[in-house]
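Listed here are the chains, written in short residue letters.
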Amino acid sequence: METIVVRESELDDYYEEAGRILREGGLVAFPTETVYGLGGNALDPEASAKIYAAKGRPSDNPLIVHVADFADVAPLVREITPVADKLMKKFWPGPLTIIMNKSDIVPTATTGGLQSVAVRMPVHPVAMKLIRCAGVPIAAPSANTSGRPSPTKAEHVIEDLFGRVDMIMDGGSVGIGVESTIVDVTGEVPMILRPGYITKEMLTEAIGDVTIDKAVAKINEGQLITSKEPPKAPGMKYRHYAPKAPLNLICGDEEEVEAELRKLAAQGKSDGLRVGIICSDGADLDGCADRVYHIGRRGDTETIAHNIYDCLRQCDADKLDVIYSDDFGLENDEALGYAVQNRIMKAAGGHVLNLKQKGDL
Ligand code: AMP
Ligand code: MG
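None of these values were measured; they are calculated from a predicted model.

Procedures and definitions
Sequence order as written defines the numbering, with residues in each chain counted from 1. Chains and ligands are labelled sequentially in the order written, the chains with letters from A and the ligands with numbers from 1. Residue-level local features of this predicted model are given only where pLDDT is at least 70; pairs of side-chain atoms are given and counted only at 80 or more, and the full residue set underlies all totals for whole chains, interfaces and linings. The basis for every side-chain value is the complete set of non-hydrogen atoms in the structure, without hydrogens or water. Each residue's exposure class comes from its accessible area (1.4 Å probe, protein chains only) as a fraction of the maximum for that residue type: buried when under 20%, exposed when over 50%, partly exposed otherwise. Elements are defined by DSSP. Helices are runs of H or I of four residues or more, strands are runs of E of two residues or more, and each kind is numbered from the N terminus. To obtain the arc, one takes the directions from the helix axis to the C-beta atoms. Throughout, a contact is declared for two residues whenever any of their heavy atoms are within 4.5 Å. In the analysis that follows, any N or O atom pair within 3.5 Å is treated as a polar contact, provided that within protein one partner can donate a hydrogen and the other can accept it, and provided that, for residues neighboring in sequence, both atoms belong to side chains. Axis definition: a line fit to C-alpha positions, over the contact stretch in the case of helices; interaxial angles, taken between N-to-C directions, run 0 to 180 degrees. An angle below 35 degrees is treated as roughly parallel, one above 145 as roughly antiparallel, one from 65 to 115 as roughly perpendicular, and anything else as oblique. The crossing is said to be left-handed when, going from far helix to near helix, the turn is anticlockwise and less than a right angle, and right-handed when the turn is clockwise. By the convention adopted, Pro, Cys, Tyr, Trp, Phe, Met, Ile, Leu, Val and Ala count as nonpolar, Lys, Arg, Asp and Glu as charged, and the other residues, Gly among them, as polar. As used in this record, nonpolar core signifies buried Ala, Val, Leu, Ile, Met, Phe, Trp, Tyr and Cys residues forming a set joined through side-chain atoms within 4.5 Å. Pairs of strands are assigned from DSSP output, requiring at least two bridges between the strands. For each residue, the test is whether any non-hydrogen atom lies within 4 Å of the molecule or strand; if one does, the residue is near. What sets the accessible areas is the Shrake-Rupley method with a 1.4 Å probe; for residues, cover comes only from the shown protein chains. What counts as a domain boundary in this text is fixed by an automatic or database domain assignment. In the sections that follow, a salt bridge refers to a side-chain nitrogen of Lys or Arg positioned within 4 Å of a carboxyl oxygen of Asp or Glu. Centre distance within 6.5 Å is the pairing criterion for rings of Phe, Tyr and Trp, where only the six-membered ring of Trp is used; planes under 30 degrees apart are then read as stacked, over 60 as edge-to-face, and the remainder as tilted.

### Observations regarding helix H2 (residues 45-55)
- Where H2 is concerned, the buried positions are Ala47, Ser48, Ile51, Tyr52, Ala54 and Lys55. End-on, the buried residues of H2 take up no more than an arc of 165°, which puts them together on one face. Turned more than 90 degrees off the buried face of H2, the exposed positions are Glu46 and Ala53.
- Of the surrounding elements, those touching the buried residues of H2 are strand S3 (37-41), strand S7 (138-139) and helix H5 (154-161).
- Where H2 begins, the capping side chain belongs to aspartate 44, and its oxygen is found 2.9 Å from the backbone nitrogen of glutamate 46.
- Trailing H2 by a residue or two, glycine 56 shows a phi angle of about 70°, which is positive.

### Some remarks on helix H4 (residues 125-134)
- Within H4, burial applies to Val126, Ala127, Met128, Leu130, Ile131 and Ala134.
- The inward-facing, buried residues of H4 contact helix H1 (15-23), strand S2 (28-30), strand S4 (64-66), S7 and strand S8 (167-169).
- Immediately beyond the C-terminal end of H4, within one or two residues, lies glycine 135, with a positive phi of roughly 75°.

### Some remarks on the packing of helix H9 (residues 301-317) against helix H10 (residues 336-348)
- Viewed as axis vectors pointing N to C, H9 and H10 meet at an angle of 20°, and their least axial separation amounts to 9 Å. Between H9 and H10, the interaxial angle falls into the category roughly parallel. Considering the relative orientation of H9 and H10, their crossing is left-handed. Between H9 and H10, the contacting residues are Thr301, Glu302, Ile304, Ala305, Ile308, Tyr309 and Leu312 on the first element and Leu336, Gly337, Val340, Arg343, Ile344 and Ala347 on the second.
- Here the contact of H9 with H10 is composed, by residue class, of 9 nonpolar, 2 polar and 2 charged.

### Focus on the nonpolar core
- One finds Leu38, Leu87, Leu96, Ile98 and Leu203 to be the most contacted residues of the largest nonpolar core, which totals 43 residues.
- Those elements that place two or more of their residues in this core are H2, helix H3 (82-91), strand S5 (96-101), strand S6 (116-120), H5 and helix H6 (200-207).
- Sorting elements by how many residues they give to this core places H3 first, with 4 residues.

### Here we look at the sheet that holds S3
- If you walk across this open sheet you meet the 11 strands as S1-S8-S2-S3-S7-S4-S6-S5-S9-S10-S11, and the pairing is mixed. Where the open sheet ends on each side, the last strands, each with one partner, are strand S1 (4-6) and strand S11 (211-212).
- Here S3 runs beside S7; their pairing, made up of 2 bridges, is antiparallel. Paired with glycine 40 across the two strands is alanine 139, which belongs to S7.
- The strands that H1 touches are S1, S2, S3, S7 and S8; relative to S8, the one it contacts most, it runs at about 135°.
- Sitting on the sheet, H4 is in contact with S2, S4, S7 and S8, with an inclination near 155° to S2.

### Thoughts on the site of ligand 1
- Near ligand 1 there are 19 residues, and of these Ser116, Pro141, Ser142, Arg194 and Gly235 occur at the shortest range.
- Between proline 234 and ligand 1, the recorded distance is 3.2 Å, taken from a backbone N or O atom to an oxygen atom.
- Protein burial of ligand 1: of its 500 Å² of free accessible surface, 95% is covered by the chains.
- Where the shell around ligand 1 is concerned, the elements lending two or more residues are S6 and strand S10 (191-194).
- In terms of residue count, the dominant contributor to the shell around ligand 1 is S6 (3 residues).
- Classifying every residue of the shell around ligand 1 gives 12 nonpolar, 4 polar and 3 charged.

### Some details on unusual backbone geometry
- Residue proline 93 is reached from tryptophan 92 by a cis peptide bond, and omega for that bond is -10°.
- Look at lysine 319: it is not a glycine, yet its phi comes out positive at around 50°.
- Mapped onto the secondary structure, lysine 319 falls in the loop between H9 and strand S15 (322-326).
- The exposure class of lysine 319 is exposed, given its relative accessible area of 64%.
- Positioned with a positive phi, phenylalanine 328 is a non-glycine residue whose angle comes to about 60°.

### Some points on the domain arrangement of the protein
- Splitting the protein by domain gives domain 1 (4-220) and domain 2 (247-354).
- In this structure, domain 1 and domain 2 have C-alpha centres spaced 29 Å apart.
- If you look at where domain 1 meets domain 2, you find 5 salt bridges.
- Linking domain 1 with domain 2 are 17 residue pairs in polar contact (both at pLDDT 80 or more), by the criterion used here.

### Quick look at the packing of aromatic side chains
- Tallying each qualifying case throughout the model produces 2 aromatic pairs.
- Their ring planes at 35° and their centres at 6.4 Å tell us that phenylalanine 70 and tryptophan 92 sit as a pair that is tilted. Placement of the pair is phenylalanine 70 in the loop between S4 and H3 and tryptophan 92 in the loop between H3 and S5, with a sequence separation of 22 residues.
- The interplanar angle of 35° and the centroid separation of 5.7 Å between the aromatic rings of tyrosine 241 and tyrosine 309 together place this pair among those described as tilted. Of this pair, tyrosine 241 sits in the loop between helix H7 (214-220) and strand S12 (247-251) while tyrosine 309 sits in helix H9, and the two are 68 residues apart along the sequence. Each member of the pair, tyrosine 241 as well as tyrosine 309, carries the same accessibility label: buried.

Written out as structure tokens, the structure reads:
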């Protein structure tokens, strides 16, 4: 398939065509404030099937439906509950996805067979304009090959999906860099199924009591997910966000972690491995490994969130055998750091060394 890549300066000339492609069942990748999305008509089962095929995504992993206007939500759901209404008014447009019970017009091909639907209104101007031009709700998972780190630049999308989609709209580097917070409001107490930029505290302030899916809390504690208690967002159970080389996460105080990273890198190199280190801006580790990536200061979680996926992709391009990463002291972070830690922990897939507990890698 021929893929049209539209650069930032030409976007205005292409919205109409992009909208037409979407209405006619084609696929368009576009930037949002969280990560790039791979869009198709959410009401067209065949378009959803094309999204799964292009990404190589398991078909039980539901898609998030994107809208650009409040009036477009009601037809997608059985009911907008008072809690959902409050969340929409407070956080939309923005990086919050709300799970509600779906109406009959949303095909189960879009919801991975579920009777609920995930809905979000992105704030990115390109996303908004595209959805309005399409005139239909847009199902859009992250625009990466399934399992790879999510795309935060058009180049990442081109790397994964060129030749597999009709159009890629380049909106430059995205702002936040980690996916939206997902909150399920179909139960008695709203539950966070995936942490993101909108934190538990922000949600609690808006609607009162909010819980976090137990499986998500376990991921953040460095525990592996068990099939007995899978996460409630089906996608969270898959190996995710991970670079090709094994990623080992080192948790502890800044200086301790730096010393351990130096030691592990030296060991890896003496074993003949190509070693990468992911560390904070302040770490004095240049020259200790084949590649050293500085992705932000400890405490500056916005910068770390912005850089993490690009760094994990860089690890692939650099063809490393093993990666050691600082955990950036995120373990007690309840804000954006909680989301970043969730993604790093998933990328590490249980390979966590806690220097305070002296566990095993
Ligand atoms: P992505 O589109 O790549 O950001 O992934 C979307 C995430 O939303 C996946 O983890 C899905 O499992 C989750 N999700 C989408 N729809 C639902 C739903 N109806 N119920 C629970 N989780 C959902
Ligand atoms: Mg994804």
